[in-house]
Amino acid sequence: NEVNECVSAQATVVVRPDLPEIIRFSADLPEIRVGDCSTLQWETRGATRVSLSNITTGDAPVEVRVTDQLVVCPQQTTTYSLTATNDRGEIVSSSLTVLVRPSLTLISQFTANPPEIRQGETAELCWTMENAVQASITNAGGPTVELSGDALVSGCLTVSPQGTTTYTLSASNE
């Protein structure tokens, strides 16, 4: 007697949804000057919760929309982190840095008063500057005068040249 037998077995393949994805996380201006702003923009997929944090200051993360933008005006170079979480608690993160450069140095005034003198008389060199960290006054044949403290903003220097002399005020923000 022949017995026909049929057997079967089962195997299950579980398809898990994808991890959350950060499609885009960018700054429209990755490099700015002190006082300027940059817009952070992001887009995520498969995330149920998204947070943004300032790594540089260590501030607590702030909940944000899954796709959004935020204007930031950092006073120093700052790194931001975007974290996307799905409903299973799976997490992906991305970070970017906004580089903050010092404000531009500006010499708004540099004058000699009076501009003409007789030999043996004096004149005053007066100046006004913004955002200077270092500054000096030079002339072709004389010593360099380094400026510091309040003189990095404004001041006057009395000079008594022996002949016609051109003075140069140089300033830097670094």
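Anyway, here's the lowdown on the structure attached to this text. (Residues numbered from 1 in each chain as written. Predicted model: local features only at pLDDT ≥ 70, side-chain atom pairs only at ≥ 80, totals over all residues. Heavy atoms only, no water.)

### Some details on the overall build of the protein chain
A count of helices and strands for the protein chain gives zero helices and 14 strands. Listed by position from the N terminus, the elements making up the protein chain come as β-β-β-β-β-β-β-β-β-β-β-β-β-β. Against the compact-globule benchmark of 16 Å for 174 residues, the protein chain has a radius of gyration of 32 Å, which places it well outside the compact range. With the principal axes as the frame, the protein chain shows a C-alpha extent of 135 × 30 × 20 Å. For the protein chain, the proportion of its 174 residues judged to be buried stands at 28%. Long-range contacts, defined here as pairs at least 24 residues apart, represent 59% of the contacts in the protein chain between residues at least 6 apart. A total of about 11,700 Å² of accessible surface is found on the protein chain, and carbon and sulfur atoms cover 49% of it. Computed over 9 positive and 20 negative side-chain charges, the inter-centroid distance for the protein chain is 4 Å. (Helix = DSSP H or I, 4+ residues; strand = E, 2+ residues; numbered from the N terminus. Rg over C-alpha atoms; globule rule 2.2 N^0.38 Å. Buried < 20%, exposed > 50% of the residue type's maximum accessible area, 1.4 Å probe, protein only. Contact = heavy atoms within 4.5 Å. Areas by Shrake-Rupley, 256 points an atom, 1.4 Å probe, with all protein chains shown as cover. Lys, Arg positive; Asp, Glu negative; His and termini not counted. Charge placed at Lys NZ, Arg CZ, Asp CG, Glu CD.)

### Here's the deal with the nonpolar core
Here is a general trend for soluble globular proteins: nonpolar side chains tend to be buried in one another's company. In terms of nonpolar packing, the biggest core is built from 16 residues, with Phe-25, Leu-40 and Tyr-80 touching the most fellow members. Only strand E1 (21–27), strand E3 (38–45), strand E4 (49–54), strand E7 (78–85) and strand E8 (91–101) provide two or more residues apiece to this core. Not counting residues within four places of it along the chain, the set of residues in contact with Phe-25 comprises Gln-41, Trp-42, Leu-52, Tyr-80, Ser-81, Leu-82, Ser-94, Ser-95 and Leu-96. Of all hydrophobic cores here, the second largest spans 13 residues; its members include Leu-125, Trp-127, Met-129 and Leu-169. (Core = buried A, V, L, I, M, F, W, Y, C linked by side-chain atoms within 4.5 Å.)

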